[in-house]
Amino acid sequence: MYDYNPYVQDYAFPPLKLAQAYVPLQKYVSIYPPEEAIKKGTVFPELDMPYVGEKMR
């Protein structure tokens with residue numbers, strides 16, 4: 001098993017970033033009431049993007 005040691009340079013595994021997030025600024029517009037937010041999984045209507053799954057195919 002490969003043990004990761006950040007202090008040892010390993011040329012088989014160069015120091016690469018695994019992921020870099022991009023988060024755009026979000027304007028505050030409104031929020032859902034608590035009951036609706038729990039059902040939808042977010043308090044922000046702008047982030048309410050239900051999973052459509054097979055419908056997209």
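Parameters and conventions
Residues numbered from 1 in each chain as written. Predicted model: local features only at pLDDT ≥ 70, side-chain atom pairs only at ≥ 80, totals over all residues. Heavy atoms only, no water. Helix = DSSP H or I, 4+ residues; strand = E, 2+ residues; numbered from the N terminus. Buried < 20%, exposed > 50% of the residue type's maximum accessible area, 1.4 Å probe, protein only. Areas by Shrake-Rupley, 256 points an atom, 1.4 Å probe, with all protein chains shown as cover. Contact = heavy atoms within 4.5 Å. Polar contact = N/O pair within 3.5 Å; in protein donor to acceptor, adjacent residues only side chain to side chain. Salt bridge = Lys/Arg side-chain N within 4 Å of Asp/Glu carboxyl O.

By the naming in an unreviewed UniProt entry, the chain goes by Spore coat protein CotJA and is assigned to Thermoanaerobacter wiegelii Rt8.B1.

(A) Seen up close, the overall build of the chain. Of the regular secondary structure elements, the chain holds 1 helix and 0 strands. The 57 residues of the chain split such that 7% are buried. When the accessible surface of the chain is split by element, carbon and sulfur atoms take 62% of a total near 6,300 Å².

(B) Fine view of the environment of T42. Tracing the chain through its elements places T42 in the segment after α1 (34-40). A relative accessible area of 13% means that T42 is categorised as buried. Through-space distance from the C-alpha of T42 to that of Y32 is 7.9 Å; in sequence the pair is 10 residues apart. Setting aside residues up to four positions removed in sequence, T42 forms contacts with Y32, A37, L47 and D48. A polar contact of 3.1 Å, which involves the side chain of T42, links it to the backbone nitrogen of F44.

(C) Broad picture of the environment of Y28. Here Y28 lies in the segment before α1. Y28 sits in the exposed class, given a relative accessible area of 61%. Sequence separation of Y28 and F44 is 16 residues, and the distance between their C-alpha atoms is 8.4 Å.

(D) View of the pattern of salt bridges. For the structure shown, the criterion picks out 2 salt bridges. A salt bridge links K40 to E36; its shortest N-O distance comes to 3.9 Å. Remark: E36 and K40 occur in helix α1; sequence separation between them is 4 residues, near one turn of the helix. Owing to a relative accessible area of 37%, K40 belongs among the partly exposed residues under this scheme. Here K40 and D48 are joined by a salt bridge, their closest N and O atoms 3.2 Å apart.

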